[in-house]
Amino acid sequence: MLSMESSLPIRVTASGDPVPAERLAEILADPGFGRYFTDHMFTAEWTPERGWHEARITPYGPLVLDPATAVLHYAQEIFEGMKAYRHADGSIWTFRPEENAARMVRSARRLALPVLPVEDFVASVDATVRVDQRWVPEPAGEKSLYLRPFMFASESFLGVRPAQHVTYMVICSPAGAYFARGVHPVSLWLSETYTRAGRGGMGAAKTGGNYASSLVAQQEAIEEGCDQVVFLDSAEGRYVEELGGMNLYFVQADGTVVTPKTSGTILEGITRSSIIELCGKLGHPVEERAVDIDEWRDGVSSGRIAEVFACGTAAVVTPVGTLRWRGGEVGDGTTTGPVTQQVRTALVDIQYGRAEDTFGWMHRVV
Ligand SMILES: *Cc1c(COP(=O)(O)O)cnc(C)c1O
C-alpha cells in the first residue's frame, strides 16, 4: 500500500508529573479495561478556514467545555478502538491502523464532521504511543494498550448545522482481558424490543450515539442473566445483525463459516474483515449473507451450527455459549469450539508477533 507522510506538525509537551514507575507496574499488573489512562493525550483542532491545526501531545487531563458545546446537545461524536501490542523483543506494533483511519473517514462523512486524512490519523496514534510507550504492557495474559481516537463537535453554538470547530483526540488505556471472566463462552440476550440501526441510519458509523441507544437493551440482557445483547434488523425483526459492540460469526457443521452481510446497518469490524481473510488461509469457506434468527435457533438445536463466536478489537474472538430469548434458550454454554479457538489463536499470534504476518497487517510504532 502506498503510504503518505503526515504533514501535520505535532508539538509535544512532556508531563511534569508522570505516574511513578512502581505505581505503573501495579496498574499494568491488573489494568482491567478503560480504568487507567496514560500520562499524555493527543489533540488537534479543525476549523473551515485552517483545516486541521494545533496538533499537540500534552499531559493527560480534563477538558474545559462551554455548556453550549455542540456535541453535548446533538451528539456529533465518532471514535475508533484499536490496540498497541508489545512483542517479545520489546518492539511495539498496531494492527491495520489504516483500516481504523479509513473507517473514521467514513464515520466522519456520515456525521458531517471533517475528514482527518489517513496519514494524519496514523501519525497521531504513532506519536502518542511513542510518548507513552512505557504504558504498553508485556504481552503475557493478552495485555495491550487500548487506543481511543475520537472526534467531536467542539463549537459553542446551539444552532443545528455541521460544526465549524471540531476537536480530534487520542487517549490510551492499558488493557487486560475485556471480559472480567477471561475467555469463557458468553451468553447472549436476543432483544425483541430494541434495534440498533435502521436503513439510512448510522449503523455503519462508529459513533457514540449507537452505543447510547444500545445501553437499555444491554441493561435488559443483564437483567435476563446474559452477558451481552444481540440485535436483529429493524425492518423485519428477523435477520441477525450484531451485538452492541461486536460482530457475529457462525461455524456450520459442514465447515463453512458464516457472518451477516453488512449493508449499512452493521458496523464493519476490522476484526470481522480480518477473520474473513484468515478463514480463507485456514481453509474454511466463508459466506457473507443474511442469517435468519430461526436459522440460528434451529441450527444450534439440530447441530447444523457447530459454533458461534463474537469478534471485535476489545475482546478479540469470544465464544458464544448460549442464546436466550423471551421463552427459550439454545446452546450448552461451556466450551470453546475448535474453529473459534483456531481463528482466535491465529489472530492473536499475528498481533503479538508469534506468527508470521503474511497479510502485512502489522504496523511498527517503536
Ligand atoms: C467497533 C465495533 C465493532 C468491532 O469492530 P472492530 O474494528 O473489529 O473492533 C463491532 N460493532 C460495533 C457496533 C462497533 O462499534
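Residues numbered from 1 in each chain as written. Predicted model: local features only at pLDDT ≥ 70, side-chain atom pairs only at ≥ 80, totals over all residues. Heavy atoms only, no water.

**Q** Where do I start with the packing of helix 6 (residues 270-282) against helix 8 (residues 338-351) in this structure?
**A** If you want to describe how two helices pack, look at the angle between their axes and the distance between the axes. Relative to each other, helix 6 and helix 8 sit at 110°, their axes nearing to 10 Å. Relative to helix 8, helix 6 is oriented roughly perpendicular. Contacts from T271, S274, I275, L278, C279 and L282 of helix 6 reach helix 8 at Q342, V343, A346, L347 and I350. Of the residues contributing to the contact of helix 6 with helix 8, the split by class is 8 nonpolar, 3 polar and no charged. (Axes fitted to C-alpha atoms, helices over the stretch in contact; angles between N-to-C directions. Helix = DSSP H or I, 4+ residues; strand = E, 2+ residues; numbered from the N terminus. Parallel < 35°, antiparallel > 145°, perpendicular 65-115°, else oblique. Contact = heavy atoms within 4.5 Å. Nonpolar A, V, L, I, M, F, W, Y, C, P; charged D, E, K, R; others polar.)

**Q** Sorry, what's going on with the nonpolar core here?
**A** In summary, soluble globular proteins display a tendency toward joint burial of nonpolar side chains. If you look at the biggest cluster of nonpolar residues, it comprises 39 residues, and the most contacted ones within it are W52, L113, F121, V129, L147, M151 and Y168. Counting only elements with at least two residues in this core, the list comes to helix 1 (21-29), strand 2 (40-47), strand 3 (51-59), strand 5 (82-86), helix 3 (97-110), helix 4 (118-131), strand 7 (144-153) and strand 8 (166-175). Looking at which element gives the most residues to this core, the answer is helix 4, with 5 residues. In this structure, Y168 is in contact with F42, T43, A44, W52, M104, L116, F121, S124, V125, P149, F150 and M151, ignoring residues within four places of it in sequence. In terms of nonpolar packing, the next biggest core, distinct from the first, is built from 23 residues, V251, V316, V343 and A346 among them. (Core = buried A, V, L, I, M, F, W, Y, C linked by side-chain atoms within 4.5 Å. Buried < 20%, exposed > 50% of the residue type's maximum accessible area, 1.4 Å probe, protein only.)

**Q** Any chance you could explain the packing of helix 3 against helix 4 here in plain terms?
**A** Packing of helix 3 against helix 4 brings their axes to within 9 Å, and their N-to-C directions diverge by 125°. With respect to helix 4, the element helix 3 is oriented oblique. Considering how the two elements wind past one another, helix 3 and helix 4 form a crossing that is right-handed. Mapping the contact onto sequence places P97, E98, N100, A101, A102 and M104 in helix 3 and V118, F121 and V122 in helix 4. Residues of the contact of helix 3 with helix 4, tallied by class, amount to 7 nonpolar, 1 polar and 1 charged. (Left-handed = near helix turned anticlockwise from the far one by under 90°.)

**Q** Even after reading the chapter, I still don't get the environment of T336, so can you show me in this structure?
**A** Note on placement: T336 falls in the loop between strand 17 (328-330) and helix 8. We classify T336 as partly exposed; its relative accessible area is 27%. Put simply, T336 and A108 are 228 residues apart on the chain and 37 Å apart in space, counted from C-alpha to C-alpha. Residues contacting T336, with those up to four places away along its chain left out, are P185, P319 and Q341.

**Q** Would you take a moment to explain the pattern of salt bridges for this structure?
**A** Should their charged atoms come close, side chains of opposite charge can pair. For the structure on display, the rule yields 22 salt bridges. The salt bridge involving E329 is made with R324; its shortest N-O contact spans 2.7 Å. Here the residues in one salt-bridge network are E287, R289, E295 and R304, joined through shared partners. (Salt bridge = Lys/Arg side-chain N within 4 Å of Asp/Glu carboxyl O.)

**Q** Sorry, what's going on with the state of the cysteines here?
**A** Chemically, a disulfide is nothing more than a covalent bond linking the sulfur atoms of two cysteines. Tallied over the full model, the rule gives 0 disulfides. Left unpaired, C226 is separated from the closest cysteine sulfur, that of C311, by 19 Å. The cysteine C279 is free of any disulfide, with C311 supplying the nearest cysteine sulfur at 9.8 Å. (Disulfide = S-S within 2.5 Å.)

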